[in-house]
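Residue strings, one per chain:
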Amino acid sequence: MSKLVTKLIATGAVASMLTLPGLAPVVAAPSLGSGNSTEDSATAPSESAPADPDESSNDSSADGGSATSGDAASESQDDSGDENSTQFAPEGTSVQLLNLTDFHGRISEAGTQVASVVEEERAKFGTGGDNAGTALLSTGDNIGASTYVSSSQNDSPTIDVLGAMGVQASAVGNHEFDKGIDDLTGRVTSEADFPYLAANVYDKGTENVVDGLDEYSVVDVAGVKIAVIGVVTKDTTSLVSPDGISGLDFGDPTDAVNRVAGELEELPEDEQPDMTVVEAHLGASTTESLEDAKASNAEFKKLVTEADASVDVLFTGHTHLPYKFEAPVPGEPDRTRPVLEAANYGDIVGQVELRADGDGNWDAGAVNLLETADKSYDSPVVDEVADIVSAADEKAKELGSEVSGTISEDITRAKKDGEEDRGAESTLGNLVADALKEGVEETQLDEADFGITNPGGLRTDLLCDDIYNDEEKCEVTVAELNGVLPFANDHGVVTMKGSDVIGLFEEQWQPDGSSRPFLHLGISDDLDVVYDSKADRGEHVKSVIVDGEKIDENKEYRVATLSFLAAGGDNFTSFAKGDFEQSGLTDFETWENYFNKKQDAKEPVAPDKTERQADSAQDVIENGDLKVEFDGPESLKPGESADFMLKTDAKDEVAGPVDVTVDLPEGYTAEAAAGAQQKSATAEAPEVKADAAAKTITLESIPAGQSETPISVTAPADASGDVTVTVSLQAGEAEWWDDNPLPLSHEFEATASVGDGADADGGDNGSADGVDANGGADGSDADASGANANADGGGSDSSGSASASADGGSSAGGSDASGSNANGSKDGGDLPRTGFEALNIVAAALALIVGGGAAITVVRRRKINS
């Protein structure tokens, strides 16, 4: 009998308990050392009638492997020769242990299923004959990172569900500290019908277990006293907000287990436990074998190999993986003990059955991982859980009606033939990546360089016409946001090398035999990626640009993402090579915060409709299906206008819209030629639209064959020298992505002489096929033909062809891809540029793709709204 039991009896304390036949209530033990105790008692569900003990065990892959704990008590005789005074559980006594871990508030998804498995196993094991009964335990993370029904109510419904199931003791997990130690030791522990155990969580600078938590608890199952020791990973300090745990130290878990085990053995003999179980919120990251599991995590290895020999079972958690091992007991090579983890989210219930040998030892019989999917069992406990979940669901619907922000228009997943297409880019995926990246700024973590999310995590669209309750059109409620990201993954940052970031984008091409051969990652607007879908495996990625700079394969980058991907989910194994820091928030909380900030600023959330990943294999200029030339006039007089001509030659019609953006020196203006009288040599001329300021001329399509589009440029009255006009071509806001005929931006230049006496030879034309990229920057001549260098640093080849370039980045022989602007010349000097580039100019990133000795300029920039 524990000290606390003695205290309760001596003081006449009364506790209200619902007990099972043959199953005494759980009692929280005093914290040995300087910790405090709780006097809360557990409410346990009723059990079924006794079962035949010979038929109580399920089949076990452990095949009868044994685990004993003879060290928990010692044999002795008094001076008069009396027999051993230590009382062991009688030989043949059997106890069933059921265990949950990392439930994370999945009451709607798995509450009744878990209760059904627990109740069915209780009934099968029974309480008659040698079978003392069942204890239900948890390894922590019961709450936190929960789905909306629970999280919207501070996880109180989850605590109620676990109480109804009859959980009798739980370790703390790192997520129990999400709202800080005061919330855990105040609200959470007061709502729970079971004690929370934390033998290695100390007041800062001491080894005094923090007030409000216990080192261990004694669960009494029909007279069999089971000591349950709880510990949590030391990594908790980096997994939650430091403000909430600033007064705590997280000690070594195994050292704490051994300290408590030693003190248990020093208790008076009639208070010593019959069995000792550890609930450790830490675990293996690899499960192929026990040796691999130990090698995957140092804390796990130490616990398995160094935990006191009196420990009979090690229940682990935190890594969300299902495994069961038999591990040698340290110092006793003839003994083993079960080590297991019951996955996560209530998908699995861990089961261990143990039988006493009469000498204080316990043999492990069944060791199973019981799946809960689709389980249903007729029991008052299951009915009670269902009622709690139903009430929580109704309450969540009320809370979910709160408006979190507005959207300017629909923001959706990618679609193909009306169905979700996870192999294509989406405005929703990119927006979520933006939110993940920006959300890091609200946490204790250092800022991220960019954000990445997976398409499978997006479960619905944000639609203006979707009305959850009575909100206005285009208003978005909390419940609608939760519908997009319902899994409550941990949000955080992975620090990884640039080479591994490139690896992530290669891994979009899934392993052979995958149900989806390509998974398109959502990326934040800090990234520009160009790939070639027709390249060989491992060679698809052509360029990755981070904030306008080519990615450095040896540099470390901080990538905001969610725990599913950080662990290598969806075969994105390059993520697992990095180090993951959790922010303490879920992806949904970060998502909601993003909308709340926009709402506070009275700004609608708008989709970015420009591709952030571009497929060069689809680009009709890159593959030679479209040739483009841009010619200047023979002369341009000050104060007057002249037509520059955009010429196209297409094998087949190029679907539009295609944006033609005009960039020219300060003081010059441009517009679609009067009446948009295009000339077409072999095809219908393209239809043209231009905005009032002529920043962008939009071609509805580019017809097959040859056609011309005039662009009228007007010189200022004081103009002189030469003028270089640059146009860039890129697909406009179309419905297609990833089969886009012009995903890359291509620049073309033409130069004309300006002045009253300008002669007919003054205009040098710039033509381009989008492939060749030669010549110098800074306005120097590229070759003997005297063609002028382009205004942004790209040169022209010997034929006068002008290559695509970006923000001053030149092609081969010019300045580098990050380059500074090199403007065209006026009387030998630099000319300032106008704002004509403000809507759709070329990307800050210029990627050079070299193959077969030829340099290919690949340029892309998202369109900037003016």
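Residues numbered from 1 in each chain as written. Predicted model: local features only at pLDDT ≥ 70, side-chain atom pairs only at ≥ 80, totals over all residues. Heavy atoms only, no water.

### Here we look at the packing of helix 2 (residues 107-125) against helix 10 (residues 380-399)
In plain terms, the rule: Axis geometry follows a simple rule: fit a line to the C-alpha atoms, using only the stretch in contact for helices, then measure angles between N-to-C directions, giving values from 0 to 180 degrees. Put simply, DSSP marks the helices as runs of H or I at least four residues long and the strands as runs of E at least two long, and each gets a number from the N terminus on. Each angle gets one of four labels, with under 35 degrees taken as roughly parallel, over 145 as roughly antiparallel, 65 to 115 as roughly perpendicular, and the rest as oblique. Any two residues having at least one pair of non-hydrogen atoms within 4.5 Å are treated as being in contact. Three categories are distinguished: nonpolar for Ala, Val, Leu, Ile, Met, Phe, Trp, Tyr, Cys and Pro, charged for Asp, Glu, Lys and Arg, and polar for the others, with Gly belonging to the last.
Following both chains from N to C, one finds helix 2 and helix 10 inclined at 170°, their axes separated by 9 Å at the closest point. Classified by the interaxial angle, the pair formed by helix 2 and helix 10 is roughly antiparallel. For the pair helix 2 and helix 10, contact is made by Ile 107, Ser 108, Gly 111, Thr 112, Ala 115, Ser 116 and Glu 119 and by Val 381, Val 382, Val 385, Ala 386, Val 389 and Ala 392, respectively. The class makeup of the residues in the contact of helix 2 with helix 10 is 8 nonpolar, 4 polar and 1 charged.

### Remarks on helix 2
The criterion, for reference: Helix span is expected to be 1.5 Å times the residue number reduced by one. Accessibility here uses a 1.4 Å probe with only protein chains present; expressed as a share of the type maximum, an area under 20% marks a residue as buried, one over 50% as exposed, and anything in between as partly exposed.
In this model, helix 2 (19 residues) spans 25 Å end to end at C-alpha, consistent with the 27 Å of a helix rising 1.5 Å per residue. Counting buried residues along helix 2, 14 of its 19 residues qualify, which places the element largely inside the surrounding structure. Gly 126, located one to two residues past helix 2, shows a positive phi value of around 75°.

### Section: the sheet that holds strand 15 (residues 362-371)
Quick note on the threshold: Pairs of strands are assigned from DSSP output, requiring at least two bridges between the strands.
Taken in spatial order, the 6 strands of this open sheet run 5-4-3-2-14-15, and their pairing is mixed. Because the sheet does not close on itself, it has two edges, and the strands there are strand 5 (196-197) and strand 15. Looking at chain direction, strand 2 (residues 94-100) and strand 14 (residues 348-356) are connected through 6 bridges and run antiparallel. If you follow Leu 97 over to strand 14, its bridge partner there is Val 352.

### Let's talk about a negative patch on the surface
Inclusion rule: The patches reported here contain residues having more than 30% relative accessible area and no salt bridge. Joining distances are 9 Å for like charges and 5 Å for nonpolar side chains (Val, Leu, Ile, Met, Phe, Trp, Tyr). What sets the accessible areas is the Shrake-Rupley method with a 1.4 Å probe; for residues, cover comes only from the shown protein chains. For this analysis, a salt bridge means a side-chain nitrogen from Lys or Arg found within 4 Å of a carboxyl oxygen belonging to Asp or Glu. For the purpose of charge, His is not counted, nor are the chain termini; Lys and Arg are scored as positive and Asp and Glu as negative. In plain terms, the charge of a residue is placed at NZ if it is Lys, CZ if Arg, CG if Asp and CD if Glu.
On the surface, Asp 160, Asp 193, Asp 378, Asp 383, Glu 384 and Asp 387 cluster together to form a negatively charged patch. Among the elements that make up the negative patch, the one with the highest residue count is helix 10 (3 residues). In this structure, Asp 383 sits in helix 10.

### A few points about the pattern of salt bridges
Summed over the entire model, instances satisfying the criterion amount to 31 salt bridges. With its nearest N and O atoms 3.3 Å apart, the salt bridge here joins Lys 302 to Asp 252. In this pair, Lys 302 is assigned in helix 9 (residues 298-306) and Asp 252 in the loop between strand 9 (248-250) and helix 7 (253-265), connecting sequence segments 50 residues apart. The salt bridge partner of Lys 609 is Glu 409, with a shortest N-O separation of 2.7 Å. On the criterion of sequence distance, the pair formed by Lys 609 in the loop between helix 15 (587-600) and strand 28 (613-615) and Glu 409 in the loop between strand 16 (403-406) and strand 17 (415-416) is long-range, its members being 200 residues apart. For Glu 409, a relative accessible area of 32% translates into the label partly exposed. Residues joined by salt bridges that share partners form a network here, namely Arg 413, Lys 415, Glu 420, Arg 422 and Asp 461.

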